[in-house]
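Reading the structure
The chain contents come next:
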Amino acid sequence: MESLTRQHAQVPPPIRRLDPQDPTPAAEAAPERSTNFVAAKRSIAAPQFSIRRMEVDKVSIHYDAKEAVKSVSLPIRQGEVLALIGPSGCGKTTLLRSLNRLTELTAAAKLTGSIRLDDVDIRLIEPTLLRRRVTMVFQQPNPFPMSVFDNIAYVLREQGSRRMKKKVLEPQVHSALQRAGLFEEVKDNLKHPALKLSGGQQQRLCIARALAAEPEVLLLDEPCSALDPQSTAVIEDLIVKLREDVAVVIVTHNLQQAYRIADHVAFMYLGDLVEYNSATRLFNTPAQDRTREYVSGAFG
Amino acid sequence: MTPGGPQAQTEELPVGLPGGLTEPPQPPPTNAVEGSSTWSLLDRLGLAFCWFLGLLFCAIAAAIVIYLLIKGIQFLKPSMLVTPAAAGFTEGESGGFSDAFFGTLILGVMSLTLALPTGVAIAVWLVEYGRPKALARVTEMTVEAIAGIPSVVFALFGTVIFSSAALGFLSRTNEGVVFGRSFFAAAAMLALEALPLIVASTREGLNAIPRHVREASYGVGKTKAATTRRILLPTCRPQIATGAMLGLGRIIGDTAIIVILLGATQNFSPVEGAPFPLNYLRGAGTTLTNFVYEASPTGNLNQPDKAYAAAFVLLFIVLLLNAATDLIHSRARKAGTWSH
Ligand SMILES: Nc1ncnc2c1ncn2[C@@H]1O[C@H](COP(=O)(O)OP(=O)(O)OP(=O)(O)O)[C@@H](O)[C@H]1O
Ligand SMILES: [Mg+2]
């Protein structure tokens, strides 16, 4: 399975941009602690630009007495993909959900520190507005039990309203599906029940749904963990393509994946942010021993 | 070593399986099925018992339906559904049971109109809001308590309430004395009886929706209200329908409330001087269930033929409701569900 995924990454489909100038990161790796990554090639181009959009500033999150995230600070940039990695239970999901205030739905969760979106504290932004600017894709594909078209239309319409005719919404629905790379597969039958699509298609529909709100930041919580290597490869390409339109944050347990698509990687351990670094450096010349142990598969 | 050979091969490599690999040998085709021959004697006896019980219940249900079907077709005349019952000594003279038939329909519609929105609202509040916790616990216990109360107790309680002067406008009033028996009174108490079934079924439906589905809706900026209306309630439509179905079964089948709160008169007894629908709804009446009882050999009317005809109509209504519920369920199945 794993080798098949890698093969996919090495033979990029035409949509992935190849950068001949990209220095081979494998060359930076010290040979004696050779990780799996020496063999893997990062085939994505260096970012064309990067603009700081969000700022996580000394954020701690408690569930009652338990501290799930401990004073984490990091930037989130448009033009880049940021990957959050770390062993299970280290607080990745909690941190990700706090970025659009979904943690507030858990009564026990308390957040201290501040998160800013374009220099505005997100606590000052009305949650429903914030959640349209910072949208989220979940681990389990979860389209709504309605047609493909209605899944997107629901996001475009005002709250619970049914106003705005299908005809009016059509261009926006098509463009969201196109951005998520799903349009070609579903265009013949947009009335198809969304939950009868394949898992990979469902997840891309969820990405289309998240994109339909025209967000500035896209959060993805292990979006490929329920998918086969083929669908994973499609979604990875998509994420890389999206990074210039939206700032992308992805949580993943698949270190290969983080290495393939991320520009920066944050490694968390038991709620602490151990290391925040560029992907090539974090995987090949980690600054912290903990990181090295983790990326070489010592634990996790 | 043809010139084009090796190149063509490298281009094809990523598409198919890596070169040289062949598929593993297929096992010889068999149609082996798991048999119970390896089971212990007790397990096999248990399985046999399950089969026996299943078939027995099928047989009982089929016997009832077929018997009523035959009797019904034999005795039911369409005119019975539009002819009111009348005093008479023979089956021919005593008319039909139109008042009972329409009484059942009216009560079903009225009770469900009260119980369905209330029950669904309670379930939504319990599952989606449920705060303060203490209030939610009390609500839960109240609903459970209502589910356990026999309908005759509701009936007695109803007479106390609807005989009060303040509620005189819901029934007949004679020289300051409030009669307290009417379709309004009966429907209110029957609604209370159907309520717990609707609450329980709707809660079950809401609880079956994974949390991340709600969060997906909140996560694109939808409010709780919008999520409930457009995602949660449509998703648990089948369970709501099941609850309504079970509730309606109770409503249609009840007799205590009909006798005590509806009056169980043979015919409608509209209140004079009230405008059209209100005069009937404020008056007394009867239902098919009660008619079947009265027309059975133990009842006052003793017209068993008509009892069969009315029972057949009752059964038909219930089967129709079942079919409608099944339709809603199969529609939902077509829409699919989440993998857990
Ligand atoms: N709703 C909750 N209530 C209480 N504690 C929680 C809740 N959600 C998460 N936690 C705790 O917070 C810690 C971090 O959880 P989180 O889900 O963020 O981890 P994670 O890094 O996403 O793990 P995984 O990789 O397994 O998804 C865990 O110890 C978990 O037990
Ligand atoms: Mg997680």
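It should be noted that the structure appears before, not after, this text.
All figures in this text were calculated on a predicted structure; none of them were measured in a lab. (Residues numbered from 1 in each chain as written. Chains lettered and ligands numbered in written order. Predicted model: local features only at pLDDT ≥ 70, side-chain atom pairs only at ≥ 80, totals over all residues. Heavy atoms only, no water.)

**What to know about the site of ligand 1**
Residue and element names in this part refer to chain A. Put simply, the rule reads: Near residues are defined by distance, with any heavy atom within 4 Å of the molecule or strand qualifying the residue. Counted as a polar contact is a pair of N or O atoms within 3.5 Å, where, for protein atoms, one must be capable of donating a hydrogen and the other of accepting one, and residues adjacent in sequence contribute only when both atoms are in side chains. Runs of H or I in DSSP of at least four residues are treated as helices and runs of E of at least two as strands, each being numbered from the N terminus.
Taken together, 13 residues are adjacent to ligand 1, and Ser-88, Lys-92, Thr-93, Thr-94 and His-253 come closest. Contact between ligand 1 and Thr-93: an oxygen atom at 2.5 Å from a side-chain N or O atom of the residue. For the shell around ligand 1, the secondary-structure elements that each account for two or more residues are β2 (66-78) and α2 (92-98). Among the elements that take part in the shell around ligand 1, α2 stands out by supplying three residues, more than any other.

**Remarks on the nonpolar core**
Here is the rule we go by: Only buried Ala, Val, Leu, Ile, Met, Phe, Trp, Tyr and Cys residues count toward a nonpolar core, and they belong to the same one when joined by side-chain atoms within 4.5 Å. When a residue's accessible area, from a 1.4 Å probe over protein chains only, is under 20% of the maximum for its type it is buried; when over 50% it is exposed; and in between it is partly exposed. Here a residue-residue contact requires only that any non-hydrogen atoms of the pair lie within 4.5 Å.
By size, the foremost hydrophobic cluster in this structure holds 93 residues, and its most contacted members are Met-54, Ile-76 and Val-217 of chain A together with Phe-97 and Leu-288 of chain B. Apart from residues no more than four positions distant in its own chain, Phe-97 of chain B is found in contact with Leu-76, Met-80, Leu-81, Thr-83, Leu-288, Phe-291, Lys-306, Ala-309, Ala-310 and Val-313 of chain B. The next biggest cluster of nonpolar side chains, apart from the first, holds 55 residues, and it includes Phe-149, Leu-169, Ala-208 and Val-248 of chain A.

**What about a positive patch on the surface?**
The condition that has to hold: Here a patch means residues that are over 30% exposed by relative accessible area and free of salt bridges, tied together within 9 Å if like-charged and within 5 Å if nonpolar (Val, Leu, Ile, Met, Phe, Trp, Tyr). For the area figures, the Shrake-Rupley method with a 1.4 Å probe applies, and any residue is considered shielded solely by the protein chains shown. Every case where a carboxyl oxygen of Asp or Glu lies within 4 Å of a side-chain nitrogen of Lys or Arg is listed as a salt bridge. Lys and Arg are tallied as positive, Asp and Glu as negative. Neither His nor the chain termini are counted. Taken as the charge location is NZ of Lys, CZ of Arg, CG of Asp or CD of Glu.
On the surface, Arg-162 of chain A together with Arg-229, Arg-237, Arg-331, Arg-333 and Lys-334 of chain B cluster together into a patch of positive charge. Top element by residues in the positive patch is helix α13 (residues 304-335) of chain B. It accounts for three residues. Residue placement: Arg-331 of chain B occurs in helix α13. The exposure class of Arg-331 of chain B is exposed, given its relative accessible area of 59%.

**Regarding the pairing of strand β8 (residues 247-251) of chain A**
Consecutive side chains along a regular strand alternate between the two faces of the sheet. Residue and element names in this part refer to chain A. Spelled out, the test is: At least two bridges found by DSSP between two strands is the condition for calling them paired.
With five of its five residues buried, β8 lies for the most part within the structure. By the alternation rule, side chains of β8 split into Ala-247, Val-249 and Val-251 and Val-248 and Ile-250, which are all buried. Pairing of strand β3 (residues 81-85) with β8 involves four bridges; the strand directions are parallel. Within β8, the residue paired with Val-81 across the bridge is Val-248. Bridge count between strand β7 (residues 217-221) and β8: five bridges; the pairing is parallel. Considered in β8, the bridge of Asp-221 is made with Val-251.

**Comments concerning unusual backbone geometry**
The amide bond that connects Arg-131 of chain B to the next residue, Pro-132 of chain B, takes the cis arrangement and shows omega of 0°. Residue placement: Pro-132 of chain B occurs in the loop between α3 (98-129) and α4 (133-148). Positive phi, normally seen in glycine, also occurs at Lys-58 of chain A, with a value near 45°. With a relative accessible area of 54%, Lys-58 of chain A lands in the exposed category. Backbone geometry at Glu-222 of chain A places phi at a positive 45°, although glycine is not the residue there. On the secondary structure map, Glu-222 of chain A appears in the loop between β7 and α8 (229-242).

**Some points on the pairing of β7 of chain A**
Residues and elements named next belong to chain A. Here is the rule we go by: With strands facing away from the observer, any crossover in which the path from the first strand over the helix to the second runs clockwise is taken as right-handed.
Burial analysis of β7 places five of its five residues in the buried class, which makes it a mostly covered element. The alternating pattern of β7 places Val-217, Leu-219 and Asp-221 and Leu-218 and Leu-220 on opposite faces, both of which are buried. Sheet analysis places strand β6 (residues 134-137) next to β7, joined by four bridges and oriented parallel. Opposite Val-134, over in β7, you have Val-217 as the bridge partner. Considered for its hand, the β-α-β crossover made up of β7, α8 and β8 is right-handed.

**So, the interface of chain A and chain B**
Selection criterion: Values labelled buried area give the accessible surface lost by two parts on being combined, using a 1.4 Å probe and summing over both. Residues were grouped as follows: Ala, Val, Leu, Ile, Met, Phe, Trp, Tyr, Cys and Pro as nonpolar; Asp, Glu, Lys and Arg as charged; and all remaining residues, including Gly, as polar.
Opposite the 35 residues of chain A that make contact, chain B presents 28 residues. Of all residues in chain A, Pro-145, Tyr-154 and Gln-159 of chain A bury the most surface against chain B, accounting for 21% of the area lost on that side. Between Arg-97 of chain A and Glu-215 of chain B there is a salt bridge, and its shortest N-O distance comes to 2.6 Å. Counting the contacts that link chain A with chain B gives eleven residue pairs in polar contact (both at pLDDT 80 or more). Broken down by secondary-structure element, the contributors of at least two residues to the side of chain A that touches chain B are α3 (127-133), β6, α4 (148-156) and α7 (199-212) of chain A. Looking at the side of chain A that touches chain B, its residues break down into 17 nonpolar, ten polar and eight charged.

**Side note on the side chain of Thr-325 of chain B**
For Thr-325 of chain B, the position within the fold is in helix α13. Sequence-distant contacts of Thr-325 of chain B, that is, excluding residues within four places in its chain, are made with Ala-241, Thr-242 and Met-245 of chain B.

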